[in-house]
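Listed here are the chains, written in short residue letters.
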Amino acid sequence: MSIVYGIQGQILEVTVVACNKLKDTEWISRQDPYVCLEYGSSKYRTRTCTDGGKNPTFQEKFVFTLIEGLREINVVVWNSNTVNSDDFIGSGKVQLQKVLGQGYDDTAWPLQTKRGRHAGEVRLIMHYANANKPATSHAQSGSPYVTPTPGSYPYSAAPPHVASHPPPSAYPAPSPYSTVPPPSAAYHSPSPYPTAPPPSAAYHPASPYPPQSAAYPSPYSSPSAYPPPPYPPQGYSYPPGPYPGAYPPR
């Protein structure tokens, strides 16, 4: 199966060779046929084959500029008259699929009357030089792939992101600062906050109350800390009453 690429703007050569077994529109003399070709806005006409009759020959070549999406040529055969209007002999459609796919086509295309009856044949030879070739001016195509070789890229130019990286020598020089500071300077830098109190003060804060020894005498102090009590001498006894200040007897 042939692949037809974009044909817009390409050149097609069409040669009108001859006509065979045309319908005869003359009763007395021989008819004078000519052929008209129409493709898009392009219209061409062959010379008149005087007394050509049913099998005229022309051998005339025409050049068409192809239009994308239009792949047929309208062909009409007329009989030329000098007194009256020209007589219509037959018409047909020439398909371009074969010539666009293979580059060459030599075919006799059938003609029909206005009522759909057979009116003979017209032989055309067509050439298309760009068959099986992708269109370069109108069809979109990417860059051709090139087999990569060591040290090269498969593109016409290196990708932008590769060119933007600087070479190894373009990296900045080593930092002018000295090496890492010693641990004492790195981890024991002066702090803007006051230093923590020593463990003894941190865990045993000063109490707002006076020491126990100053507020209350210890009941366990040694006897030498206090004077001896005024006990009476041994053998002394209290005198019998009454005592001063005692209530009188009843």
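Everything numeric in this text was worked out from a predicted model, so none of it was measured.

Caption draft 1: Fine view of the overall build of the protein. When helices and strands are tallied, the protein shows five helices and eight strands. For the protein, the N- to C-terminal ordering of α and β elements is β-β-β-β-β-β-α-β-β-α-α-α-α. When burial is assessed residue by residue, the protein has 22% of its 250 residues classed as buried. Accessible area of the protein: about 19,500 Å², with a carbon and sulfur share of 58%.

Caption draft 2: Inspection of the confidence of the model for the protein at higher detail. Taken residue by residue, the protein gives an average pLDDT of 73. The fraction at 70 or more is 51%. Confidence, expressed as mean pLDDT per element, reaches its minimum in the protein at helix α2 (residues 160-164) with 46 and its maximum at strand β2 (residues 33-39) with 97. Scored below 50 in pLDDT, residues 137-159 shows eight contacts in the model against residues more than four places distant or in partner chains. Here residues 161-166 is a poorly scored stretch, pLDDT under 50, and it has one contact once near neighbours within four places are set aside; other chains count.

Caption draft 3: Representation of the side chain of Thr-113. Looking at the secondary structure, you find Thr-113 in the loop between β7 (104-112) and β8 (118-127). Residues within four places of Thr-113 in sequence aside, it is in contact with Lys-23, Phe-88, Ile-89 and Ala-119.

Caption draft 4: Inspection of the side chain of Thr-15 at higher detail. Considering the arrangement of structural elements, one finds Thr-15 in strand β1 (residues 11-20). With sequence-adjacent residues up to four places away left out, Thr-15 is seen in contact with Gln-59, Glu-60, Lys-61, Arg-123, Leu-124 and Ile-125.

Caption draft 5: Seen up close, the packing of aromatic side chains. Tallying each qualifying case throughout the model produces four aromatic pairs. Seen in terms of ring centroids, Tyr-39 and Phe-64 are 6.0 Å apart; in terms of plane orientation they differ by 75°. Their pairing is edge-to-face. Of this pair, Tyr-39 sits in strand β2 while Phe-64 sits in strand β4 (residues 57-65), placing them 25 residues apart in sequence. Take Tyr-39 and Phe-64: they sit in the same class, and that class is buried. Over the face of the ring belonging to Tyr-34 we find Arg-45, whose NZ or CZ atom lies 3.7 Å from the ring centre. Sitting over the ring of Phe-88, Lys-114 keeps its end group 5.4 Å from the ring centre.

Caption draft 6: Structural context of the nonpolar core. One finds Leu-12, Leu-37 and Leu-96 to be the most contacted residues of the largest nonpolar core, which totals 30 residues. Contributing elements (two or more residues each) for this core: β1, β2, β4, β5 (72-79), β6 (87-95), α1 (97-102), β7 and β8. In this structure Leu-96 touches Leu-12, Tyr-39, Leu-66, Leu-70, Arg-71, Glu-72, Ile-73 and Met-126, once residues within four positions along its chain are discounted.

Reading the values: the criteria
- Residues numbered from 1 in each chain as written.
- Predicted model: local features only at pLDDT ≥ 70, side-chain atom pairs only at ≥ 80, totals over all residues.
- Heavy atoms only, no water.
- Helix = DSSP H or I, 4+ residues; strand = E, 2+ residues; numbered from the N terminus.
- Buried < 20%, exposed > 50% of the residue type's maximum accessible area, 1.4 Å probe, protein only.
- Areas by Shrake-Rupley, 256 points an atom, 1.4 Å probe, with all protein chains shown as cover.
- pLDDT = per-residue confidence, 0-100.
- Contact = heavy atoms within 4.5 Å.
- Phe/Tyr/Trp six-rings, centres within 6.5 Å; stacked < 30°, edge-to-face > 60°.
- Lys NZ or Arg CZ within 6 Å of the ring centre and 35° of its normal.
- Core = buried A, V, L, I, M, F, W, Y, C linked by side-chain atoms within 4.5 Å.

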